[in-house]
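Structure at a glance
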Amino acid sequence: MSITRFELTIHLTTTSPLHSGGVDAMVDPTREGLDREVVATRFARDAHERPILTGRSVKGAVRAACARYLESNPEFDVAAALKNAQASLWGDRGKKSPSGTPLRASALTFHTVEIPQTALVGSEPDESSNIERRETGSGDQSRRPALPRRVGIAMNRYWGAVGDGALFEHEFVPGGTELTLVITAEGVDGETTEKHARSTSKADNAPGGDTTAAAAPRPATAAEVKALLKLIVGLFQAGRVFFGGRQGAGWGRVELDEKNPAEFRELTLSNRADLKALLIPTDCDSSSSGTRLTPTDCGSSAGTRITIIWNSPAGILVADPGLSQQDKAKRKKEREAALAEGRDVDDEPVPTVSLRADGTDDGPLVLPGSSVRGALRSRASRIARTVLVGALGHELDDWSKSGVGVHDQLAADPTLVRDLFGTTERRGALSVLDTLASSSGTPRTVTHNAGDRWTGGVAEGALYSEEVRDVAWNAITLELDPNRLPADDSRRRAAWCLLGLVLAELATGTLPLGSRGTRGLGQVEVKGITVTGLEWLGLPDGGTKSFTAGAGRSGRDVAEALLGHLKAVNTMITPNAGSDAAGWSSYLIDVEEKRNG
């Protein structure tokens, strides 16, 4: 028997916000003396309150990426090499055999990934300590490392306002943060494998054909472990591994460090030198330093990529309540100091400020992917429901009734909308990345006041302002994973038709982005839309499409070109069996759901 130990160190950099949930703090809103406010979903932390990516979370993400790749590429050599070793490599997820015999643990160990100090923005009070201090009237206010936070909302599809209970906040690691992932593994060759084969043969020949006495899966061989490690590095290199949650909003994306992507050590433990190298860290002995591992070529990230070139003449505003509260607190202290010194007090309102990508007050402006995705989903739902009621005569749920919340609306969305955007139970096929501004822009303060409906004058205390920055924005990027759509080709094409109609409305300028859309902000001018990776549609003219507006022309030309493409796709759709409609609209309601309902 020979045992081979492996150590793989992968150097990564986040290219988007990253959130991996931990234990949420619970606050009773009815407790006296505490304001009712949103409680942030915390990042996972260790016993010392340091933010971390747990090994279990990383392993789950990597295992899912490996499974998707092997299932979609069964003809590759690596798929054949690892086909019969999945239980040996990844373990049995804690289950036991019918006879009660424990099955084998994973051959790979994923170590905790520490979040570096550069991702923190300071410190914050420990909420559990603060509650105890308020109740007892004693104790110091403890502090813990703080990550930036991002606030989000969900819109009620009927009323067009923020849904009741649909305010949420997440701690996140900003883009550009360097992470180090360490994977250790063990491969076994020789005698143990032979013993496993003999024990399995004995179980097969047991009296009465009792198969419950079968032995645990054989240990993974060194060649299988090394092949899997090569595949893991290849998947990171191809951008196919995503960490944490909120991936539909473009979060959790990482890339390999180009200068130092991975370090690899392979020790057979058959001699004194290898045993010594195993016990001595690589940074203490240069003789035990790692070598480069040639990764599996996994190609580029699969899927359809949609790039939208645009600008906003009116300005985009996605407010950051956290920064606004900080500015108000700072202004309050300044006013108190001025009053104490007898100086004049500035009564100008503190403006609402725009969201920043890294959570600081001087980072790049950002239009969150969640905001764009929410606008697209709302319009897709509106189009689908309009077709169902107007053209097809279906009766739909009345969303104006009391008690119908945002999550009820998401669950009741037409089938194609759920295919694209998902539900609270299942992830959709469409992801929308954060869009950054290309510059800090020029700020301008827009002041408003609310009128008193009785006197006709300005209402007391109703003066407020907003800081809007006139900036140029980078392209909006959408990614559509056709493998997350149902396997039926016609249904996939129908989903693309619905998404195309939403993009056409965006191009015409009838779909504002960001907040304050009813006050003139958020206007969109689309200059062009480029789509790559459309081979799965089966079009005769290839998988890349470009819809642009010529010089002096508007986004309506983009919309017309896109609609012409959608008409061609619609002719390739076989109507849904059992539906009373034709083309893409026949897939708006799943026939099986309709029959069961």
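First, a word on scope: everything that follows refers to the structure included in this document. (Residues numbered from 1 in each chain as written. Predicted model: local features only at pLDDT ≥ 70, side-chain atom pairs only at ≥ 80, totals over all residues. Heavy atoms only, no water.)

Quick notes on unusual backbone geometry
Phi at arginine 246 is positive, roughly 60°, even though this residue is not glycine. Residue position: arginine 246 is located in the loop between α6 (222–237) and β10 (254–256). Phi is positive for arginine 516, which is not a glycine, with a value near 60°. Looking at the secondary structure, you find arginine 516 in the loop between α12 (489–508) and β19 (525–532). (Helix = DSSP H or I, 4+ residues; strand = E, 2+ residues; numbered from the N terminus.)

Concerning the sheet that holds strand β14 (residues 430–432)
In space, the five strands of this open sheet follow the order β14-β18-β12-β19-β20, with antiparallel pairing throughout. The sheet is open, and its two borders are formed by β14 and β20 (545–548), each paired with just one other strand. Strand after strand, the sheet turns through a mean of 15° between neighbouring axes, direction not considered. One ladder, built from three bridges, connects β14 with strand β18 (residues 476–480); its direction is antiparallel. Within the sheet, the bridge partner assigned to valine 432 lies in β18 and is leucine 478. The strands that helix α13 (residues 555–570) touches are β19 and β20; relative to β20, the one it contacts most, it runs at about 150°. (Pairing = 2+ DSSP bridges. Axes fitted to C-alpha atoms, helices over the stretch in contact; angles between N-to-C directions. Contact = heavy atoms within 4.5 Å.)

Quick word on the layout of surface pockets
For the second largest pocket, the calculated volume is near 600 Å³. Together, 32 residues line the second largest pocket, and Thr15, Ser16, Gly250, Arg253 and Leu433 are the ones closest to its centre. Elements with a contribution of two residues or more to the lining of the second largest pocket: α6, β10, β15 (435–436) and β18. Grouping the constituent residues of the lining of the second largest pocket by class yields 14 nonpolar, 11 polar and seven charged. (1 Å grid on protein atoms, 1.4 Å probe; cavity = no way out; pocket = protein on both sides within 12 Å on 5 of 7 lines; lining within 4 Å. Points joined across faces, edges and corners; volume = space filled by probe spheres on them. Nonpolar A, V, L, I, M, F, W, Y, C, P; charged D, E, K, R; others polar.)

Some words on a nonpolar patch on the surface
Together, Ile153, Met155, Val162 and Leu167 line one region of the surface with nonpolar side chains, adding up to about 340 Å² of accessible area. Broken down by secondary-structure element, the contributors of at least two residues to the nonpolar patch are β7 (149–155) and β8 (162–171). Structurally, isoleucine 153 can be placed in strand β7. Isoleucine 153 sits in the partly exposed class, given a relative accessible area of 44%. (Patch = residues over 30% accessible without salt bridge, like charges linked within 9 Å, V, L, I, M, F, W, Y side chains within 5 Å. Areas by Shrake-Rupley, 256 points an atom, 1.4 Å probe, with all protein chains shown as cover. Salt bridge = Lys/Arg side-chain N within 4 Å of Asp/Glu carboxyl O. Buried < 20%, exposed > 50% of the residue type's maximum accessible area, 1.4 Å probe, protein only.)

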